[in-house]
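# Overview (structure and organization)
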Amino acid sequence: LVSPYKAVMVLIAKAIPYLILSLINFILILLLSVYVLNVPILGNIILLFLESMLFILACLSFGLLISTVTESQQSALLLSMMGMMIPTMVFTGFIFPLENMPWVFQLISNIVPSRWYYLIVKSVMLKGLGFEYVWKETLILIGMTVILLAVSLKNFKKRLA
(Lines give C-alpha, C1' and ligand atoms only; values in the text may rest on other atoms or scores of the structure.)
Protein backbone atom coordinates (compact mmCIF):
# COMPACT_ATOMS: atom_id res chain seq x y z
CA LEU A 1 0.00 0.00 0.00
CA VAL A 2 2.90 2.37 0.64
CA SER A 3 4.98 1.21 -2.31
CA PRO A 4 6.34 4.05 -4.46
CA TYR A 5 5.79 1.99 -7.61
CA LYS A 6 3.07 2.75 -10.09
CA ALA A 7 0.32 0.25 -10.83
CA VAL A 8 1.85 -0.66 -14.20
CA MET A 9 5.11 -1.67 -12.51
CA VAL A 10 3.26 -3.86 -10.02
CA LEU A 11 1.38 -5.59 -12.85
CA ILE A 12 4.61 -6.15 -14.78
CA ALA A 13 6.26 -7.57 -11.67
CA LYS A 14 3.32 -9.96 -11.24
CA ALA A 15 3.58 -11.13 -14.86
CA ILE A 16 7.34 -11.57 -15.38
CA PRO A 17 7.77 -14.85 -13.43
CA TYR A 18 4.86 -16.41 -15.29
CA LEU A 19 6.23 -15.17 -18.62
CA ILE A 20 9.60 -16.79 -17.93
CA LEU A 21 7.99 -20.06 -16.81
CA SER A 22 5.71 -20.09 -19.85
CA LEU A 23 8.61 -19.50 -22.24
CA ILE A 24 10.57 -22.35 -20.64
CA ASN A 25 7.45 -24.51 -20.97
CA PHE A 26 7.13 -23.54 -24.65
CA ILE A 27 10.76 -24.45 -25.35
CA LEU A 28 10.36 -27.82 -23.62
CA ILE A 29 7.17 -28.59 -25.54
CA LEU A 30 8.85 -27.63 -28.80
CA LEU A 31 11.86 -29.84 -28.04
CA LEU A 32 9.59 -32.75 -27.12
CA SER A 33 7.51 -32.34 -30.26
CA VAL A 34 10.59 -32.33 -32.49
CA TYR A 35 12.75 -34.98 -30.82
CA VAL A 36 10.17 -37.32 -29.31
CA LEU A 37 7.17 -37.00 -31.61
CA ASN A 38 9.18 -36.20 -34.78
CA VAL A 39 7.02 -33.19 -35.66
CA PRO A 40 9.05 -31.03 -38.04
CA ILE A 41 9.30 -27.26 -37.72
CA LEU A 42 8.97 -26.16 -41.33
CA GLY A 43 8.83 -22.41 -40.69
CA ASN A 44 11.00 -19.81 -39.05
CA ILE A 45 11.66 -20.78 -35.43
CA ILE A 46 12.25 -17.14 -34.40
CA LEU A 47 8.84 -16.16 -35.78
CA LEU A 48 7.27 -19.10 -33.94
CA PHE A 49 8.99 -18.04 -30.72
CA LEU A 50 7.89 -14.39 -31.06
CA GLU A 51 4.32 -15.38 -31.88
CA SER A 52 4.29 -17.74 -28.90
CA MET A 53 5.59 -14.96 -26.68
CA LEU A 54 2.77 -12.73 -27.93
CA PHE A 55 0.21 -15.44 -27.17
CA ILE A 56 1.66 -15.92 -23.68
CA LEU A 57 1.42 -12.16 -23.09
CA ALA A 58 -2.22 -12.19 -24.21
CA CYS A 59 -2.99 -15.03 -21.78
CA LEU A 60 -1.08 -13.31 -18.98
CA SER A 61 -3.03 -10.13 -19.68
CA PHE A 62 -6.25 -12.09 -19.27
CA GLY A 63 -4.89 -13.55 -16.03
CA LEU A 64 -4.01 -10.07 -14.77
CA LEU A 65 -7.52 -8.92 -15.61
CA ILE A 66 -8.95 -11.83 -13.63
CA SER A 67 -6.72 -10.99 -10.68
CA THR A 68 -7.94 -7.39 -10.68
CA VAL A 69 -11.63 -8.23 -10.72
CA THR A 70 -11.83 -11.18 -8.32
CA GLU A 71 -11.83 -11.11 -4.55
CA SER A 72 -10.40 -14.54 -3.77
CA GLN A 73 -7.99 -17.06 -5.19
CA GLN A 74 -10.75 -19.64 -5.55
CA SER A 75 -12.91 -17.36 -7.66
CA ALA A 76 -9.87 -16.43 -9.77
CA LEU A 77 -9.12 -20.12 -10.39
CA LEU A 78 -12.71 -20.84 -11.33
CA LEU A 79 -12.93 -17.83 -13.63
CA SER A 80 -9.64 -18.66 -15.33
CA MET A 81 -10.76 -22.26 -15.85
CA MET A 82 -14.06 -21.14 -17.36
CA GLY A 83 -12.47 -18.23 -19.21
CA MET A 84 -9.47 -19.96 -20.72
CA MET A 85 -9.40 -23.75 -20.40
CA ILE A 86 -12.87 -24.62 -21.65
CA PRO A 87 -12.95 -22.03 -24.49
CA THR A 88 -9.48 -23.15 -25.58
CA MET A 89 -10.63 -26.74 -25.90
CA VAL A 90 -13.90 -25.91 -27.62
CA PHE A 91 -13.32 -22.76 -29.70
CA THR A 92 -9.86 -23.17 -31.28
CA GLY A 93 -10.78 -25.67 -33.96
CA PHE A 94 -8.28 -28.17 -32.54
CA ILE A 95 -10.84 -30.68 -31.28
CA PHE A 96 -14.04 -29.56 -33.00
CA PRO A 97 -13.93 -27.94 -36.47
CA LEU A 98 -15.15 -24.34 -36.27
CA GLU A 99 -16.85 -24.64 -39.66
CA ASN A 100 -19.24 -27.26 -38.24
CA MET A 101 -20.31 -25.09 -35.29
CA PRO A 102 -23.38 -22.86 -35.29
CA TRP A 103 -22.61 -19.29 -36.35
CA VAL A 104 -23.05 -18.03 -32.77
CA PHE A 105 -20.22 -20.27 -31.56
CA GLN A 106 -18.10 -19.29 -34.54
CA LEU A 107 -18.62 -15.67 -33.55
CA ILE A 108 -17.70 -16.38 -29.91
CA SER A 109 -14.53 -18.16 -31.05
CA ASN A 110 -13.21 -14.85 -32.38
CA ILE A 111 -12.62 -13.54 -28.84
CA VAL A 112 -10.57 -16.57 -27.75
CA PRO A 113 -6.82 -15.82 -28.14
CA SER A 114 -5.90 -19.48 -28.57
CA ARG A 115 -7.98 -19.67 -31.75
CA TRP A 116 -5.67 -17.16 -33.40
CA TYR A 117 -2.54 -18.75 -31.96
CA TYR A 118 -3.63 -22.16 -33.25
CA LEU A 119 -3.90 -20.70 -36.77
CA ILE A 120 -0.44 -19.14 -36.40
CA VAL A 121 1.17 -22.38 -35.21
CA LYS A 122 -0.42 -24.36 -38.04
CA SER A 123 0.77 -21.82 -40.58
CA VAL A 124 4.30 -21.26 -39.28
CA MET A 125 5.28 -24.61 -37.79
CA LEU A 126 3.46 -27.10 -39.96
CA LYS A 127 3.08 -25.29 -43.29
CA GLY A 128 6.33 -23.30 -43.19
CA LEU A 129 4.66 -19.99 -43.98
CA GLY A 130 6.14 -16.61 -43.05
CA PHE A 131 4.93 -13.48 -41.32
CA GLU A 132 3.15 -12.26 -44.46
CA TYR A 133 0.63 -15.08 -43.95
CA VAL A 134 0.01 -14.59 -40.22
CA TRP A 135 0.09 -10.80 -39.83
CA LYS A 136 -3.69 -10.53 -39.41
CA GLU A 137 -3.74 -13.07 -36.58
CA THR A 138 -0.73 -11.31 -35.04
CA LEU A 139 -2.53 -7.96 -35.10
CA ILE A 140 -5.58 -9.54 -33.47
CA LEU A 141 -3.43 -10.99 -30.65
CA ILE A 142 -1.67 -7.63 -30.20
CA GLY A 143 -5.04 -5.89 -30.00
CA MET A 144 -6.36 -8.38 -27.46
CA THR A 145 -3.22 -8.00 -25.35
CA VAL A 146 -3.35 -4.20 -25.37
CA ILE A 147 -7.06 -4.11 -24.53
CA LEU A 148 -6.74 -6.67 -21.72
CA LEU A 149 -3.72 -4.86 -20.25
CA ALA A 150 -5.47 -1.50 -20.43
CA VAL A 151 -8.57 -2.83 -18.67
CA SER A 152 -6.39 -4.60 -16.07
CA LEU A 153 -4.49 -1.39 -15.40
CA LYS A 154 -7.73 0.58 -15.11
CA ASN A 155 -9.19 -1.96 -12.64
CA PHE A 156 -6.02 -2.35 -10.57
CA LYS A 157 -6.18 -1.05 -7.02
CA LYS A 158 -3.61 -1.43 -4.29
CA ARG A 159 -5.61 -2.87 -1.45
CA LEU A 160 -5.44 -5.14 1.54
CA ALA A 161 -7.22 -8.43 0.98
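Above this text is the structure in question.
Residues numbered from 1 in each chain as written. Predicted model: local features only at pLDDT ≥ 70, side-chain atom pairs only at ≥ 80, totals over all residues. Heavy atoms only, no water.

## Points about the nonpolar core
With 15 residues, the main nonpolar core has L48, V124 and L141 as its most contacted residues. Breaking this core down by element, the ones donating at least two residues are α1 (7-35), α2 (45-69), α5 (113-126) and α6 (131-155). With six residues, the single largest contributor to this core is α5. Once you skip the residues sitting within four places of it in the chain, L48 turns out to touch F26, L30, I41, V121, V124 and M125. Core analysis: the second largest hydrophobic core is formed by eight residues, A15, L19, I56 and F156 among them. (Core = buried A, V, L, I, M, F, W, Y, C linked by side-chain atoms within 4.5 Å. Buried < 20%, exposed > 50% of the residue type's maximum accessible area, 1.4 Å probe, protein only. Helix = DSSP H or I, 4+ residues; strand = E, 2+ residues; numbered from the N terminus. Contact = heavy atoms within 4.5 Å.)

## A few points about the layout of surface pockets
By volume, the largest pocket is sized at about 1600 Å³. Lining the largest pocket are 41 residues, with S22, F55, I56, C59 and M84 positioned closest to its centre. For the lining of the largest pocket, the elements supplying multiple residues, two or more each, are α1, α2, α3 (73-91) and α5. No other element matches α2, which puts eleven residues into the lining of the largest pocket. (1 Å grid on protein atoms, 1.4 Å probe; cavity = no way out; pocket = protein on both sides within 12 Å on 5 of 7 lines; lining within 4 Å. Points joined across faces, edges and corners; volume = space filled by probe spheres on them.)

## A short note on the environment of T138
Within the fold, T138 resides in helix α6. Residue classification places T138 among the buried positions, given a relative accessible area of 7%. The sequence separation of T138 and V69 amounts to 69 residues, and the corresponding C-alpha distance is 27 Å. Not counting the four nearest positions on each side in its chain, T138 is found in contact with E51, L54, I120 and F131. Here the side chain of T138 touches E51 through a polar contact of 2.6 Å, side chain to side chain. (Polar contact = N/O pair within 3.5 Å; in protein donor to acceptor, adjacent residues only side chain to side chain.)

Shape is all these values report; function is a separate question.
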